[in-house]
Amino acid sequence: MLTQPRWTHVAIPVSDLDRSIEFYTALTPLVVVARNEDDTGRGVWLSNDKQVEDPFVLVLAEFVPDVGKQFGQEPGEPVHTLGPFAHIGVELPNKEDVDAGDERARQRRVPGEAPRVSRAIS
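The model shown is predicted, which means the values in this text are computed figures rather than measured ones.

### A few points about the packing of aromatic side chains
- This model, assessed by the stated rule, comprises two aromatic pairs.
- Both rings, one in W7 and one in F56, keep their centres 4.8 Å apart while their planes meet at 65°; by these two values the pair is edge-to-face. Residue W7 is found in the segment before β1 (9-13), and its partner F56 is found in the loop between β3 (41-48) and β4 (57-63); the two are separated by 49 residues along the sequence.

### Some thoughts on the sheet that holds strand β2 (residues 30-38)
- Ordered by their spatial adjacency, four strands build an open sheet running β1-β4-β3-β2, and the pairing between neighbours is mixed. The open sheet has two edge strands with one neighbour each: β1 and β2. The mean angle between the axes of side-by-side strands here comes to 20°, regardless of whether they run parallel or antiparallel.
- Pairing between β1 and β4: five bridges, direction parallel. Opposite A11, over in β4, you have V59 as the bridge partner.

### Details of the pattern of salt bridges
- In total, this model carries six salt bridges according to the counting rule given.
- In this structure, D49 and K50 form a salt bridge, with 3.4 Å as the shortest nitrogen-oxygen distance.
- With a closest N to O distance of 3.0 Å, K95 and D99 form a salt bridge. With K95 and D99 both in helix α3 (residues 95-107), this residue pair falls four residues apart, about one helical turn.
- Since its relative accessible area comes to 57%, K95 is described here as exposed.
- Take D99: its relative accessible area is 38%, and that puts it in the partly exposed class.

### Points about α3
- Taking 1.5 Å per residue as the helical rise, α3 with its 13 residues ought to reach 18 Å, and the 18 Å between its terminal C-alpha atoms agrees with that figure.
- Turning to α3, its buried residues are G101, D102 and A105. Taken around the axis of α3, the buried residues stretch over an arc of 100°, which confines them to a single face. Exposed and oriented more than 90 degrees from the buried face of α3 are E96, R106 and Q107.
- Looking at the buried positions of α3, the neighbouring elements they touch are α1 (17-27).
- Capping of α3 at its N-terminal end is provided by N94; its side-chain oxygen lies 3.1 Å from the backbone amide nitrogen of E96.
- Among the residues trailing α3, R109 stands out with phi positive, at a value near 60°.

Definitions and limits used
Residues numbered from 1 in each chain as written. Predicted model: local features only at pLDDT ≥ 70, side-chain atom pairs only at ≥ 80, totals over all residues. Heavy atoms only, no water. Phe/Tyr/Trp six-rings, centres within 6.5 Å; stacked < 30°, edge-to-face > 60°. Helix = DSSP H or I, 4+ residues; strand = E, 2+ residues; numbered from the N terminus. Pairing = 2+ DSSP bridges. Axes fitted to C-alpha atoms, helices over the stretch in contact; angles between N-to-C directions. Salt bridge = Lys/Arg side-chain N within 4 Å of Asp/Glu carboxyl O. Buried < 20%, exposed > 50% of the residue type's maximum accessible area, 1.4 Å probe, protein only. Expected span 1.5 Å × (residues − 1). Arc of directions from axis to C-beta. Contact = heavy atoms within 4.5 Å. Polar contact = N/O pair within 3.5 Å; in protein donor to acceptor, adjacent residues only side chain to side chain.

Shown next, in the form of structure tokens:
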């Protein structure tokens, strides 16, 4: 039973839900834990595998065109939610895991800078 408030999720819009799921599940340890769909669009919840204590999820939402336009999203156009600094942080056990993820991203030609540790934002 919940006895105090807790932080549960971050939600971001995407223009291609399937491509976004593939990106996050291929390049991070996140897995799909729920899928939802209604007349406004479809979404997915991503989290750590078997996370049950203090669950936290990344929600990806792909809206139908009329709903997406309410948020400034044009059909078929990329959604620029995360800018040059905004990001989603994923902690990995060691540097070799970080380097392996960076290599997978390079093989997929994912744009952006290499992963790094920064105490200014940690």
